[in-house]
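These are the residues of each chain, in order.
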Amino acid sequence: MNVWVFDIESTGLNAGFGWPLCTSFVPLFNARKSEVRTFRLDSYPEYKKSPWDDRPLVKDIIDFQKDIEVLVSHNGVWFDIQMLNTWAVLQKKWMNLNTKHIDTYRWARKQMRNGGRSLDALLTYFQTPTQKTKLKPLEWRKAATGNAEAFEYIVKHNIHDV
């Protein structure tokens, strides 16, 4: 089965005022670091001239996910999917509506009473070897304005989340 975990990082929590910085996908089964697919806004030629122009990035994200059978995310139903669809609709594109989606936040909300439903709370509760990276709001602001070092921090955070 073609199952991928994904996460997006953006400049804001509203797609109308923010834009995507990066999106990472990792296959759930037989995953190796080399299989992580990260789409970065700063990797497109348009970025240097128009760092807010997310059209090529959004197109590539939508095209990549179209053949995925199952997407797994944390709060993806209420955030990631809605953000991507809001950006994609301007290009007359849409997330694959036939893709099954497993949202770990929704699962935890219905099934768990462990003191929190954030990704950090779940990783801590299950004592996973991988833990969340610290959120540094200033790094998001710097990345949104083209700071290369901050952009690297955001990408590493994004990959770590998947």
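Below you will find a few notes about this structure. The structure presented is a predicted model; accordingly, all values stated were derived computationally and were not measured.

Scanning the chain for helices and strands turns up 7 helices and 5 strands. When the helices and strands of the chain are placed in sequence order, the string is β-β-β-α-α-β-α-β-α-α-α-α. Sorting the 162 residues of the chain into buried and exposed places 42% on the buried side. For the chain, contacts bridging at least 24 residues in sequence account for 61% of all contacts bridging at least 6.

Contact geometry of helix H6 (residues 137–144) with helix H7 (residues 148–161) gives a least axis separation of 8 Å together with a crossing angle of 120°. When the axis of H6 is compared with that of H7, the two are oblique. H7 is crossed by H6, and the crossing has left-handed handedness. Residues Glu-139, Trp-140, Lys-142 and Ala-143 of H6 form the contact with H7, whose own contacting residues are Ala-150, Phe-151, Tyr-153, Ile-154 and His-157.

Next up on the list: the nonpolar core. Looking at soluble globular proteins, one finds that nonpolar side chains tend to be buried together. Counting residues in each nonpolar core, the largest one holds 31 residues, and the members touching the most others are Phe-25 and Leu-71. Of the residues forming this core, the biggest block, 6 residues, is contributed by helix H3 (residues 76–89). In this view, Leu-71 contacts Trp-4, Phe-6, Phe-25, Gln-65, Ile-81, Met-95, Thr-99, Lys-100, His-101 and Ile-102; residues no more than four positions away in its chain are not counted. Counting residues in hydrophobic clusters, the runner-up holds 6 residues, among them Val-3, Val-5, Val-26 and Val-70.

Attention shifts here to the pairing of strand S2 (residues 20–27). Counting buried residues in S2 gives 8 out of 8 residues, a clear majority hidden from the surface. Here 7 bridges tie strand S1 (residues 3–10) to S2, and the two strands are oriented antiparallel to one another. The residue of S2 that forms the bridge with Phe-6 is Phe-25. Relative to strand S3 (residues 37–40), S2 runs antiparallel, the two sharing 4 bridges. Residue pairing for S3: Cys-22 is matched across the bridge by Arg-40.

About the thresholds
- Residues numbered from 1 in each chain as written.
- Predicted model: local features only at pLDDT ≥ 70, side-chain atom pairs only at ≥ 80, totals over all residues.
- Heavy atoms only, no water.
- Helix = DSSP H or I, 4+ residues; strand = E, 2+ residues; numbered from the N terminus.
- Buried < 20%, exposed > 50% of the residue type's maximum accessible area, 1.4 Å probe, protein only.
- Contact = heavy atoms within 4.5 Å.
- Axes fitted to C-alpha atoms, helices over the stretch in contact; angles between N-to-C directions.
- Parallel < 35°, antiparallel > 145°, perpendicular 65-115°, else oblique.
- Left-handed = near helix turned anticlockwise from the far one by under 90°.
- Core = buried A, V, L, I, M, F, W, Y, C linked by side-chain atoms within 4.5 Å.
- Pairing = 2+ DSSP bridges.

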